[in-house]
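Chain by chain, the residues:
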Amino acid sequence: MNKQAGREPVLSVANLSVEIPTRQGTLTPVDKLSFDIEQGRILGVVGESGAGKSMTGNAVIGLLDPPAHIAGGEIRLKGRRIDNLAREALRKVRGKEIGMVFQDPLTSLNPLLPIGEQLTETILEHLPVGKTEAQNRAVAALEEVGIPAAAQRINSYPHEFSGGMRQRVVIALALCAEPSLVIADEPTTALDVSVQAQIIALLKRLCRERGTAIMLITHDMGVIAETADEVAVMYAGRLAEIGPVRDVLTAPIHPYTQGLMASTPLAAKGKKRLSQIPGAMPRLTDLPDGCAFNPRCPIAKDKCRRPPAPNLDSGGGNAACWYASGARS
Amino acid sequence: MSKNKTEEALVTVQHLTRDFDVSPPWLNRVIEGKKKAILQAVSDVSFDVKKNSIYALVGESGSGKSTIGKIVVGLLSPTSGVVRVDGVDLAREADKTRLEQTRAGIQMIFQDPFASLNPRWKVKDIIEEPVTARGGDAHGLAEKLLEQVGLSAADVSKFPHEFSGGQRQRICIARALAAEPKLIVCDEPTSALDVSVQAQVLNLMSDLRERFGLTYLFISHDLTIVQHMADTIGVLYLGRLIEEAPRDELFGNPHHPYTQMLLEAAPKLDGFGREVEPPKGEIPDPINPPSGCAYHPRCPIAVERCKNERPGMEQKNKSRVACFLAE
Ligand SMILES: Nc1ncnc2c1ncn2[C@@H]1O[C@H](COP(=O)(O)OP(=O)(O)OP(=O)(O)O)[C@@H](O)[C@H]1O
Ligand SMILES: Nc1ncnc2c1ncn2[C@@H]1O[C@H](COP(=O)(O)OP(=O)(O)OP(=O)(O)O)[C@@H](O)[C@H]1O
Ligand SMILES: [Mg+2]
Ligand SMILES: [Mg+2]
């Protein structure tokens, strides 16, 4: 993607690969992925189930479950490499510089501690403030994410909140150390439409007011349209297409993105039948040769069925396709 | 209700209410002095589903969609009110043969195609089970149905784990079709599926409806799917039906403030940079629902009357709306 001159991206991922050794051989759930996120920008990462979205997010925050591991590439946070840090150093970076929000808020909260204590602990660990100040900031953090009567609720336990409220608490926790990057993996998937709208508005506001860079993983194209500045479309562990959100959603150039957009009911606009992509995404254990999308692709040719697989450069920088229609500049 | 109207409705739901006893255990009630607690999952809901149409129930989590679906297929009984399918009251019909016949004509498709297929059965046995269980002749049936849902006749001897999510949902649909149903109740049939696969399953459901004259009760929380599929839509809030309208009317001219909020909050594919005023509040505790109109604490236009009196469904042009202030 075009970098603005003189501005260093908050997150820069280059040729990132993740591998999992298994009995059937080595799987590559993330295959040479590259993208940047600048300050105050939201990168949406979309793709079908198993495309490698969570693996990518987990690789960035250094939380891959073994035997999955980073097998190549570089991850830089504000210019500093973080993919090769020792465990303890990485843990510090994670708490201070990177906030995390997962689909299930309970995975990020300690059920045995009042939420106020969890916030205060995190603040004390990462910011140079005293106990009283940390407590004040904890209340402020809860207020900021819209928890009513925050000062009274500071002693409540996670289970005393509804799902939407819990997700707000997690966001408060992710943000209280004032990180420069937030990774949100399906933060609203388990929530109702009205609560989702509240959480999305909150993330956008924080991004705007604090300049936080956000990597927003979701499979909901509507959420992406309303939230993201750029979008990366993943397919079978690879980047299929990347670009400004409006371009990718309204004028996609990769046949997979085109198929995906056409198959959403929103795009059908009164037509009786939805356009459909035949088949399903291949498993990592039997990826086809060449382009991973070729068996489902309406315009696949011989070149697509042979190695090497196309990368972003094959499609003019924005789409991993030899025949990307009308490459954008 | 006029004779004519009942004739064209396949399903009539009248004043349907379903309570669940969610009291703490007896001992706790005695020791800690806790009261009995009743959760009204469905509260005085009435609607008709016309033959060969798709009626969608939408609403947020806990609004009572699945409970209504289960009552319509006879998996749960109503606390009060009546559900008739093809004129037969499933909870009270005395004629056993008639009841069995009607039951067989209603099939259900669930959200999770992974949980709803027996992993140890071959596809053939899964699909033919509804027929063989009644002693019917299932010769060649599975092969035929698999082709009708876009799979291959050769798949009969495979096991569920050999199929993808979308293919499994097709197998569920084939099984539902085996009983030659008139009515299919689908509870979030595609929410476990990816977008590209979802399109395959929704198209299949539309095709089958035309081919076999099926009627669907379609349960979903996804407004975009509902807008694509449904002829008529009922919106539920906290167990109550608050608006019902033909598809274009509901999306073009929503009357109830809750429906308006829901449509406004749903993310739009062309909503680039859209700033929505986030909706106020959260869904209340269903065990202690608000008085009067259940939506009044969150409603931007509520007045005193909304706190004290529960609005009934009133006809407003092409819609039915439960709101004192709806125009
Ligand atoms: N321990 C493991 N062994 C083998 N394969 C694995 C393992 N963990 C994950 N995978 C595979 O890695 C791939 C990427 O998974 P990932 O969780 O990143 O997908 P995702 O895009 O986040 O999907 P979803 O939308 O379902 O969350 C999947 O194909 C998954 O099956
Ligand atoms: N067996 C039960 N016992 C007690 N409460 C129940 C039972 N089944 C459902 N409920 C409650 O009834 C209400 C309606 O539940 P229902 O499953 O019908 O909602 P729904 O609209 O299908 O929600 P979702 O979108 O989450 O599937 C909820 O408050 C639920 O907790
Ligand atoms: Mg994931
Ligand atoms: Mg349900």
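A brief structural summary. (Residues numbered from 1 in each chain as written. Chains lettered and ligands numbered in written order. Predicted model: local features only at pLDDT ≥ 70, side-chain atom pairs only at ≥ 80, totals over all residues. Heavy atoms only, no water.)

Across its full length, chain A carries 11 helices and 10 strands. For chain A, whose C-alpha radius of gyration is 21 Å, the value lies close to the compact-globule estimate of 20 Å for 329 residues. Across the 329 residues that make up chain A, the buried fraction comes to 54%. In chain A, the proportion of contacts linking residues at least 24 apart, taken out of those at least 6 apart, comes to 63%. The averaged location of the 34 negative side-chain charges in chain A is 4 Å from the averaged location of its 37 positive side-chain charges. (Helix = DSSP H or I, 4+ residues; strand = E, 2+ residues; numbered from the N terminus. Rg over C-alpha atoms; globule rule 2.2 N^0.38 Å. Buried < 20%, exposed > 50% of the residue type's maximum accessible area, 1.4 Å probe, protein only. Contact = heavy atoms within 4.5 Å. Lys, Arg positive; Asp, Glu negative; His and termini not counted. Charge placed at Lys NZ, Arg CZ, Asp CG, Glu CD.)

Before going further, it helps to examine helix α4 (residues 131-144) of chain A. Residue and element names in this part refer to chain A. Taking 1.5 Å as the rise per residue, α4 with 14 residues should run 20 Å; its terminal C-alpha atoms sit 20 Å apart, in good agreement. Along α4, the positions that sit buried rather than exposed are Ala 134, Ala 138, Val 139, Ala 141 and Leu 142. Mapping the buried residues of α4 onto a view down its axis gives an arc of 155 degrees, with all of them on the same face. Elements that come into contact with the buried residues of α4 comprise α3 (115-126), α5 (150-153) and α6 (163-175). Following α4 by one or two positions, Gly 146 adopts a phi angle in the positive range, close to 85 degrees. (Expected span 1.5 Å × (residues − 1). Arc of directions from axis to C-beta.)

Taken together, the contacts link 44 residues of chain A with 40 residues of chain B. Summing both partners gives a buried area of about 3400 Å² for chain A against chain B, and 55% of it is carried by carbon and sulfur. Three residues, Val 193, Glu 226 and Leu 266 of chain A, lead the burial of chain A against chain B; their summed loss comes to 18% of the area buried on that side. Inspection of the chain A/chain B interface yields three salt bridges. With a closest N to O distance of 2.6 Å, Arg 274 of chain B and Glu 226 of chain A form a salt bridge. (Buried area = accessible area lost by both parts, 1.4 Å probe. Salt bridge = Lys/Arg side-chain N within 4 Å of Asp/Glu carboxyl O.)

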